[in-house]
Amino acid sequence: MCGIVGYTGEKQAAPILLDGLKRLEYRGYDSAGLAVRDGRALAEVVKATGKLYHLADKTDMGRSLPGTCGIGHTRWATHGDPSLVNAHPHVSGNCSGSGSGKVESDVVGVHNGIIENYGELKEKLMRHGYRFYSDTDTEVVVKLVDYYYKKYKIGPVDAITRTMVRVRGSYALALMFKDYPDEIFAARKDSPLIIGTAENAAFLASDVPAILKYTRSVYYIGNLQVARLSPGSVKCYDLNGDEITLPLTEITWDAEAAEKGGYEHFMLKEIHEQPAAVRDTLNSLVRNGKIDLTSSGITDDMLLSLSQIIITACGSAWHVGMAAQYVIEDMAGVPVRVELASEFRYRSLPMDRSTLVIVISQSGETADSLAALRLAKEKGAETLAVVNVVGSTIAREADHVLYTLAGPEIAVATTKAYSAQLIALDALAVQMAMVKGTASAEQYGHLIEEMASIPEKIARVLEDKERLQWFSSKIANAHDIFFIGRGLDYAISLEGSLKMKEISYIHSEAYAAGELKHGTISLIEKNTLVIGVLTQSRMIEKTVSNMAECKSRGAYLMGITTNGDFSVEDSVNFTVYIPRTDEHFVSSLAVVPLQLLGYYTSVNRGLDVDKPRNLAKSVTVE
Ligand code: M6R
């Protein structure tokens with residue numbers, strides 16, 4: 001996830017672009033860059049690593065970059081480290097540096113999205129004499145546009161549509177051509193892009209807030225469409241290069257609502273981004289119907305030689321480990337233990353080269369997780385980081401990295417990063433099962449298909465959110481909530497309980513359902529809410545019995561179960577159904593109602609959902 005902006009008109013472009021990028025910083029903040037041109041002069045590219053203010057400082061708030069036409073980018077690294085050389089804009093020329101300064105290139109561009117076949121395209125372009133200075137997929141696209149532009153000599157729209165036919169993946173692209181001084185060309189597939197229009201000006205942006213200050217009249221450019229922006233004029237084209245007419249929409253949101261994409265809170269927005277986060281993460285690990293972990297450096301031989309796996313993490317990331325433990329052991333028969341990172345150093349865990357220590361972290365900066373990683377390396381284990389932030393310390397220090405592609409997560413309570421971590425670990429489990437021979441080729445194919453169906457099923461769970469909103473209004477004054485389940489359902493309960501307590505401040509506990517009767521059941525009183533996660537068919541009956549034990553002591557019951565299993569409804573007061581899927585992957589679905597329940601309860605209590613008290617997004621102290 002990155003943010004892109006563009007402006008062409010009569011005013012100075014750079015300050016407008018910086019202002020737009022500021023409002024898109026939530027989409028990425030590891031580096032930023034601008035390309036601005038002044039009439040016939042060459043485009044000048046300036047980039048800076050880190051937050052946007054570094055770029056603002058470097059350009060004297062944009063004043064040192066004269067010109068009335070330009071594009072800008074704020075980056076969330078996916079391909080290549082968050083470095084100056086990988087920062088956008090990228091250029092088509094064979095320059096030796098980072099592609100900054102006054103650039104001779106015919107094409108300059110910024111991109112949000114992921115080009116899946118960039119490797120093969122890069123090889124093709126290298127055969128045609130192109131040289132690359134960065135590790136990004138974006139430089140490949142910009143050079144491919146340049147290649148078609150020069151080969152067919154028909155013009156920018158033609159070069160762009162040819163490129164769109166050739167690339168696989170998602171993109172919102174903004175491009176400037178040397179021969180078209182005051183124009184910007186844009187294209188889109190599966191990444192957001194809007195075009196704004198005003199008197200003698202045109203704008204583009206990944207999201208409405210970036211341009212709201214200047215215009216409320218926008219075109220929502222569709223998938224596989226191209227736009228051509230010049231001062232005061234916008235033309236749109238289909239993939240054939242034929243001009244099309246798009247409706248002009250008037251934005252009515254206020255600026256703050258727009259930043260959250262119309263959602264009331266970042267957490268709700270991020271909950272809704274889960275289908276995309278899971279799909280992108282899975283797509284990055286599957287090639288031609290098979291799981292491909294080469295980007296992480298994990299080989300099949302390595303998986304075959306493992307004697308044990310230790311997963312270590314904190315908070316929700318630790319809960320992902322708890323879920324993965326059940327999946328890996330059941331699918332691949334490899335022993336897994338899961339340790340809280342803050343406790344890892346106080347154990348004398350036996351490990352050697354045949355141990356894989358997996359550190360899971362959204363931020364990649366959590367101090368306890370980092371300390372555990374360092375200790376595991378010291379002890380000679382092979383280490384794998386499952387991390388969301390590219391180039392973070394944990395990612396840099398681990399032997400292998402498997403990136404989740406959830407994009408920046410702003411709300412303190414994690415949702416989409418959790419889901420992306422879960423699918424990444426599921427993919428690892430499936431690959432291990434194939435390598436170890438515990439899954440047949442047919443089962444392997446089926447499991448991959450099942451994983452691919454998860455994003456659409458999450459979207460279906462989200463459609464039912466109003467019922468949870470209603471239920472949460474009934475429980476908003478609860479004092480205690482218990483989440484119970486067995487096996488994988490216990491792992492999901494842990495996450496449900498944390499989501500509830502961290503944002504609603506209601507005391508909650510997660511218990512392995514069978515453990516309640518060993519003490520905790522004494523806390524059950526009249527109307528205490530007990531939420532049972534009931535998705536693992538061979539354990540449902542037992543957990544329902546445990547819930548009945550609570551009911552007979554006055555508890556009020558909610559159950560989450562799989563669609564079609566209507567027996568649960570007879571035993572509980574409120575039932576939530578999730579779509580059927582292979583039971584190994586059900587956590588990805590069952591967690592969503594629990595996230596929504598926590599979210600709506602917090603809203604009903606009038607709390608600061610995105611920034612709960614006493615918490616920080618990234619905990620960098622031990
Ligand atoms: O950045 P990390 O994934 O390492 O963070 C780990 C925990 O601090 C984090 O999951 C925390 O528990 C969240 N607030 C849970 O929503």
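Just so it is clear, the structure is predicted and the values come from calculations on it, not from any experiment. (Residues numbered from 1 in each chain as written. Predicted model: local features only at pLDDT ≥ 70, side-chain atom pairs only at ≥ 80, totals over all residues. Heavy atoms only, no water.)

Turning to the overall build of the protein, a few remarks are in order. Along the backbone of the protein there are 19 helices and 28 strands. Taken over the C-alpha trace, the protein has a radius of gyration of 26 Å; the compact-globule value for 622 residues is 25 Å, and the two agree within 12%. Here the C-alpha coordinates of the protein stretch approximately 80 × 55 × 45 Å along the principal axes. Residue pairs in contact within the protein that sit at least 24 positions apart in sequence constitute 71% of those at least 6 positions apart. In the form shown here, the protein has an accessible surface area of approximately 23400 Å², with 48% of it arising from carbon and sulfur atoms. Of note, the protein has its 64 positive side-chain charges centred 2 Å away from the centre of its 76 negative side-chain charges. (Helix = DSSP H or I, 4+ residues; strand = E, 2+ residues; numbered from the N terminus. Rg over C-alpha atoms; globule rule 2.2 N^0.38 Å. Contact = heavy atoms within 4.5 Å. Areas by Shrake-Rupley, 256 points an atom, 1.4 Å probe, with all protein chains shown as cover. Lys, Arg positive; Asp, Glu negative; His and termini not counted. Charge placed at Lys NZ, Arg CZ, Asp CG, Glu CD.)

Pairing is antiparallel across the open sheet formed by nine strands, whose spatial order is 6-3-2-4-1-11-10-12-16. Where the open sheet ends on each side, the last strands, each with one partner, are strand 6 (101-103) and strand 16 (249-250). Note that strand 3 (residues 43-49) and strand 6 share three bridges and pair antiparallel. The partner of V45 across the bridge, within strand 6, is G101. (Pairing = 2+ DSSP bridges.)

It is worth spelling out the pattern of salt bridges at this point. Summed over all chains, the structure comprises 23 salt bridges. Two residues, K150 and D106, come together in a salt bridge whose shortest N-O distance is 2.9 Å. Placement of K150 in helix 4 (residues 137-152) and of D106 in the loop between strand 6 and strand 7 (107-115) is noted, with a sequence separation of 44 residues between them. Judged by relative accessible area, which is 38%, K150 ranks as partly exposed. Where E139 meets K143, a salt bridge forms, and the shortest distance between an N and an O atom there is 2.4 Å. Here E139 pairs with K143, and both are found in helix 4, just four residues apart, close to one helical turn. For the pair shown, E139 and K143 are each scored as buried. One network of salt bridges, with partners in common, ties together D19, R23 and K213. (Salt bridge = Lys/Arg side-chain N within 4 Å of Asp/Glu carboxyl O. Buried < 20%, exposed > 50% of the residue type's maximum accessible area, 1.4 Å probe, protein only.)

Here we take up the sheet that holds strand 14 (residues 233-237). An order of 5-7-8-9-13-14-15 is seen for the seven strands of this open sheet, with the pairing classed as antiparallel. Among the strands making up the open sheet, the edge pair consists of strand 5 (90-91) and strand 15 (243-244). Sheet analysis places strand 14 next to strand 15, joined by two bridges and oriented antiparallel. What sits directly across from C236, in strand 15, is I244.

The subject of this paragraph is the site of the ligand. In the vicinity of the ligand there are 14 residues, among which S361, Q362, S363, T366 and E502 approach most closely. A distance of 3.2 Å is found between a nitrogen atom of the ligand and a backbone nitrogen or oxygen belonging to V412. One of the side-chain N or O atoms of E502 is found 2.5 Å from an oxygen atom in the ligand. With the chains in place, 90% of the 410 Å² that the ligand exposes on its own is no longer accessible. Contributing elements (two or more residues each) for the shell around the ligand: helix 10 (315-332) and helix 17 (488-504). A per-class count over the shell around the ligand returns five nonpolar, seven polar and two charged. Counting contributing residues per domain, the shell around the ligand is built from domain 2 (259-452) and domain 3 (463-607), each supplying no fewer than three. (Near = heavy atom within 4 Å. Polar contact = N/O pair within 3.5 Å; in protein donor to acceptor, adjacent residues only side chain to side chain. Nonpolar A, V, L, I, M, F, W, Y, C, P; charged D, E, K, R; others polar. Domains from an automatic or database assignment.)

Accessible area lost when the parts come together is the quantity often used to give the size of an interface. Segmentation of the protein into domains returns domain 1 (3-251), domain 2 (259-452) and domain 3 (463-607). Between the C-alpha centres of domain 2 and domain 3 there is a distance of 25 Å. Of the roughly 2200 Å² buried at the junction of domain 2 and domain 3 (both faces included), carbon and sulfur atoms supply 65%. Joining domain 2 to domain 3, the criterion identifies zero salt bridges. (Buried area = accessible area lost by both parts, 1.4 Å probe.)

Time to look at the pairing of strand 1 (residues 3-8). Counting buried positions over the six residues of strand 1 gives six, a clear majority of the element. Alternating residues of strand 1 divide into G3, V5 and Y7 and I4, G6 and T8, and every residue in both groups is buried. Examined bridge by bridge, strand 1 and strand 4 (residues 69-75) share six bridges and lie antiparallel to one another. Bridge pairing links V5 to G72 in strand 4.

Moving on, we come to the packing of helix 14 (residues 416-436) against helix 15 (residues 441-463). Close contact between helix 14 and helix 15 brings their axes to 10 Å; oriented N to C, the two are set at 175°. Relative to helix 15, the element helix 14 lies roughly antiparallel. Note on element contacts: helix 15 touches helix 14 through Y444, L447, I448, M451 and I454, opposite I423, D426, A427, V430, Q431 and M434. (Axes fitted to C-alpha atoms, helices over the stretch in contact; angles between N-to-C directions. Parallel < 35°, antiparallel > 145°, perpendicular 65-115°, else oblique.)

Right, let's talk about empty space enclosed by the protein for a bit. Across all of its chains, the model carries three cavities of 30 Å³ or more by this definition. Space inside the largest cavity adds up to approximately 60 Å³. Elements with a contribution of two residues or more to the lining of the largest cavity: strand 7 and helix 4. Ranked by residue count, the leading element in the lining of the largest cavity is strand 7, at three residues. Along the lines of polarity and charge, the residues of the lining of the largest cavity split into three nonpolar, eight polar and two charged. Considered as a void within the structure, the second largest cavity measures approximately 50 Å³ in volume. Forming the boundary of the second largest cavity are R37, A41, L42, A43, V103, S105, D106, V108, M176, F177 and K178. (1 Å grid on protein atoms, 1.4 Å probe; cavity = no way out; pocket = protein on both sides within 12 Å on 5 of 7 lines; lining within 4 Å. Points joined across faces, edges and corners; volume = space filled by probe spheres on them.)

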